[in-house]
Amino acid sequence: MNTRARYDFDTVIDRRGTWCVQWDGVADRFGVDGLLPFTISDMDFETAPEVLAALRARLDHGVLGYTTWQQDDFRSAIAHWYATRYGTEADTGRLVYGPSVLSQLSQLLQMWTAEGEGVVVHTPTYDGFRKAITGLGRELRGVPLGDTEALERELARADAKVLVLCSPHNPTGRVWTEEELRETAALARRHGVAVISDEIHADFVHQGHRHVPWTRIAGEGEGEGEGEGEGERSVGAGGRAGDDGAAGGGRWAVITSGSKSFNFPALTGSYGFIGDPADRTEFLRRMETAEGLASPAVLSLTAHIAAYREGAGWLDAARAYVAGNLALIAERLNGAFPELAWEPPQAGYLAWIDLRPLGVDDEALQRVLIEREKVAIMPGAVYGAPGFLRLNAGCPQSKVSAGVEALVRGVGAVR
């Protein structure tokens, strides 16, 4: 059965005037209103009808009081998703909750690092990571994607405390292989560095590739540090994760959400897994007391449960549609500029485009795109990679076609 035929991704939905960051907030970043935007990573599609039906039913109840995420409907929906999507058992006893993936990252960095200490990331780097890490006064240390020797050099530094792993990677869309993840885990354990794996793009992995949850990788290393009691495993900010055998195979956390793949980020809400029991207790204490976030957004819980229980068909159809959009971009770009040899990403709906073979001036191109072509496409410099662009293809094909045509004309004008 063609599940894509059950859903409509072609209809253009007018998002202007809905307080939408991508459409209504385009002038905040590009200085001009009214541009056709391909920017922030949300999609122009309605979320799954199954999710919308669940939200309507919850609103019809009429009472929107304080809520708990620590209930079986939420836990079992996550366990069901991991079992059916990834063939992995999710230990919901390790589950935590937060208002967003970046808020979880911030809390974990405050728990596991002190000001001035090193946090390792792959480059190019999602700008939200850069803001969170440097905003807390930690030192961001980038290593080129795929450079294992550089990664080990940074992890080996005495004050390197955390590796923030983006899996799949944003902005490139790279999917880490199981072998690569095992190698990364071994390096982190060897040097006593904690791993925080952001897996918010995991559900959008394209055909031919497979996402491996870090919970599976971390589980392979647990039990190696036997002899330590649970209460002795956690260390305070500034301690190295391996100093007292934290979590046996190394200190780790996964942070994620269904909001990216099912397109409901405005509902807020994220969840994660933390390996060490004492770390998990401390995280929850901080969220409930220091942050005052004991009650989550009920509509986020509702959306997650419906998505994970009933939304797989919609997600598969959306992913197939986006794959078609990315193929369209490849055909048009490579037809106009064969030297690019551009290939679609392995995951996600963000086209990461390397224009360096064309020798295009970034600033000149942005001026043409904004002033003449009236489109907003994210410059690679935002992610520490001049010469690249990030184009959001999570939208109707008519919009993608307009965007790539504008890009081809813009590049042609400045070559």
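For the structure, see preceding data.
From a predicted model like this one, the values you see are computed outputs, not experimental measurements. (Residues numbered from 1 in each chain as written. Predicted model: local features only at pLDDT ≥ 70, side-chain atom pairs only at ≥ 80, totals over all residues. Heavy atoms only, no water.)

*Asks:* Is there a simple way to think about the overall build of the protein in this case?
*Replies:* Assigned secondary structure in the protein consists of 15 helices and 11 strands. A compact globule built from 415 residues should have a C-alpha radius of gyration of about 22 Å, and the protein, at 22 Å, falls within 12% of that. Projected onto the principal axes, the alpha-carbon positions of the protein cover approximately 65 × 55 × 40 Å. Evaluated residue by residue, the protein yields a buried proportion of 56% over its 415 residues. Here the analysis covers contacts within the protein between residues at least 6 apart in sequence; of these, 77% occur between residues at least 24 apart. Accessible area for the protein stands at about 17,000 Å²; split by element, carbon and sulfur atoms hold 48% of it. (Helix = DSSP H or I, 4+ residues; strand = E, 2+ residues; numbered from the N terminus. Rg over C-alpha atoms; globule rule 2.2 N^0.38 Å. Buried < 20%, exposed > 50% of the residue type's maximum accessible area, 1.4 Å probe, protein only. Contact = heavy atoms within 4.5 Å. Areas by Shrake-Rupley, 256 points an atom, 1.4 Å probe, with all protein chains shown as cover.)

*Asks:* Hey, could you run me through helix 6 (residues 127-135) in this one?
*Replies:* Because an α-helix packs 3.6 residues into every turn, residues spaced three or four apart end up facing the same way. Among all positions in helix 6, only Asp127, Gly128, Phe129, Ala132 and Ile133 are buried. Tucked inside the fold, the buried residues of helix 6 contact helix 2 (26-30), helix 5 (101-112), strand 3 (118-123), strand 4 (139-144), strand 5 (160-166) and strand 6 (194-198). Backbone geometry just downstream of helix 6 places glycine 137 in the positive-phi region, at approximately 80°.

*Asks:* Please clarify how the sheet that holds strand 3 should be interpreted in this entry.
*Replies:* Across a sheet, strands are paired by hydrogen bonds formed along the backbone, either parallel or antiparallel in direction. The strand order 2-8-7-6-5-3-4 describes an open sheet built from 7 strands, whose pairing is mixed. For this open sheet the edge positions go to strand 2 (95-98) and strand 4, each flanked by a neighbour on one side alone. In this sheet, adjacent strand axes meet at a mean angle of 25° when their direction is disregarded. Note that strand 2 and strand 8 (residues 270-274) share 4 bridges and pair antiparallel. Bridge assignment links glycine 98 to a residue of strand 8, and that residue is serine 270. (Pairing = 2+ DSSP bridges. Axes fitted to C-alpha atoms, helices over the stretch in contact; angles between N-to-C directions.)

*Asks:* I keep staring at the sheet that holds strand 1 (residues 36-38) and nothing clicks. Help me out?
*Replies:* With mixed pairing, the 4 strands of this open sheet are ordered in space as 1-10-11-9. Each having just a single partner strand, strand 1 and strand 9 (350-354) make up the two edges of the open sheet. Across the sheet, the mean angle from the axis of one strand to that of its neighbour is 30°, orientation sign disregarded. On top of the sheet, helix 14 (residues 362-371) reaches strand 10 (375-379) and strand 11 (388-392); it is set at about 155° to strand 10, its chief contact. Packed on one face of the sheet, helix 15 (residues 397-414) meets strand 1, strand 9, strand 10 and strand 11 and runs near 90° to strand 1.

*Asks:* How should I be thinking about the packing of aromatic side chains in this particular structure?
*Replies:* The way to describe two aromatic rings as a pair is by their centre distance and the angle between their planes. A complete count under the given rule lists 20 aromatic pairs for this structure. Taken together, a centroid distance of 5.8 Å and an interplanar angle of 70° make the contact between phenylalanine 74 and tyrosine 97 edge-to-face. Residue phenylalanine 74 is found in helix 4 (residues 72-86), and its partner tyrosine 97 is found in strand 2; the two are separated by 23 residues along the sequence. Each member of the pair, phenylalanine 74 as well as tyrosine 97, carries the same accessibility label: buried. Here tryptophan 352 and phenylalanine 388 contribute two aromatic rings whose centre-to-centre distance is 4.9 Å and whose plane-to-plane angle is 15°, an arrangement assigned as stacked. Residue tryptophan 352 is located in strand 9, and its partner phenylalanine 388 is located in strand 11; the two are separated by 36 residues in the primary sequence. (Phe/Tyr/Trp six-rings, centres within 6.5 Å; stacked < 30°, edge-to-face > 60°.)

*Asks:* I'm lost on the packing of helix 14 against helix 15 in this one. Help?
*Replies:* For any two helices packed against each other, the geometry is given by the interaxial angle and the distance between the axes. Close contact between helix 14 and helix 15 brings their axes to 9 Å; oriented N to C, the two are set at 130°. On the basis of the axis angle, helix 14 is oblique to helix 15. Considering the relative orientation of helix 14 and helix 15, their crossing is right-handed. Two secondary-structure elements touch here, helix 14 through Ala364, Leu365, Val368 and Leu369 and helix 15 through Ala406, Leu407, Gly410, Val411, Ala413 and Val414. For the contact of helix 14 with helix 15, a count of residues per class yields 9 nonpolar, 1 polar and no charged. (Parallel < 35°, antiparallel > 145°, perpendicular 65-115°, else oblique. Left-handed = near helix turned anticlockwise from the far one by under 90°. Nonpolar A, V, L, I, M, F, W, Y, C, P; charged D, E, K, R; others polar.)

*Asks:* What is the right way to look at the pattern of salt bridges in this model?
*Replies:* Opposite charge on two side chains lets them pair, provided their charged atoms get close. One pass over the full model with this rule turns up 25 salt bridges. Notably, a salt bridge pairs arginine 16 with aspartate 14, separated by 3.8 Å at the nearest N-O pair. Residue aspartate 127 pairs with lysine 131 through a salt bridge whose shortest N-O separation is 3.8 Å. Taken together, the positions of aspartate 127 and lysine 131, both in helix 6 and 4 residues apart, correspond to about one turn of that helix. Classification of lysine 131 as exposed rests on a relative accessible area of 55%. (Salt bridge = Lys/Arg side-chain N within 4 Å of Asp/Glu carboxyl O.)

*Asks:* Quick question: what am I supposed to make of the side chain of serine 270 here?
*Replies:* Note on placement: serine 270 falls in strand 8. On the accessibility criterion, serine 270 (0% relative accessible area) is buried. Within the local environment of serine 270, its side chain forms a polar contact with the backbone nitrogen of valine 101, the two atoms lying 3.5 Å apart. Among the polar contacts made by the side chain of serine 270, one reaches the side chain of glutamine 104 at a distance of 2.7 Å. Apart from the residues lying within four places of it in its own chain, the contact partners of serine 270 are Val96, Tyr97, Gly98, Pro99, Ser100, Val101, Gln104, Thr256 and Ser257. (Polar contact = N/O pair within 3.5 Å; in protein donor to acceptor, adjacent residues only side chain to side chain.)

*Asks:* Looking at this structure, I do not really get the nonpolar core. What am I missing?
*Replies:* Most often, soluble globular proteins have nonpolar side chains that are buried together. In terms of nonpolar packing, the biggest core is built from 109 residues, with Trp214, Trp314, Ile329 and Leu333 touching the most fellow members. Looking at this core, the element that brings in the most residues is helix 13 (residues 312-336), giving 10 residues. Listed in part, the 11 residues of the second largest apolar core include Phe30, Ala376, Val382 and Tyr383. (Core = buried A, V, L, I, M, F, W, Y, C linked by side-chain atoms within 4.5 Å.)

*Asks:* Is there a simple way to explain the layout of surface pockets in this structure?
*Replies:* It is the rolling of a water-molecule-sized probe over the atoms that shows where space remains empty. One number sums up the size of the second largest pocket: a volume of about 310 Å³. Around the second largest pocket, the lining is made up of 16 residues, and of these Thr172, Trp342, Glu343, Pro344 and Trp352 lie nearest the centre. If one sorts the elements of the lining of the second largest pocket by residue count, strand 9 sits on top with 3 residues. Class assignment of the residues belonging to the lining of the second largest pocket gives a composition of 10 nonpolar, 3 polar and 3 charged. (1 Å grid on protein atoms, 1.4 Å probe; cavity = no way out; pocket = protein on both sides within 12 Å on 5 of 7 lines; lining within 4 Å. Points joined across faces, edges and corners; volume = space filled by probe spheres on them.)

Note that every value here comes from positions in space, so none of it alone points to a role or purpose.
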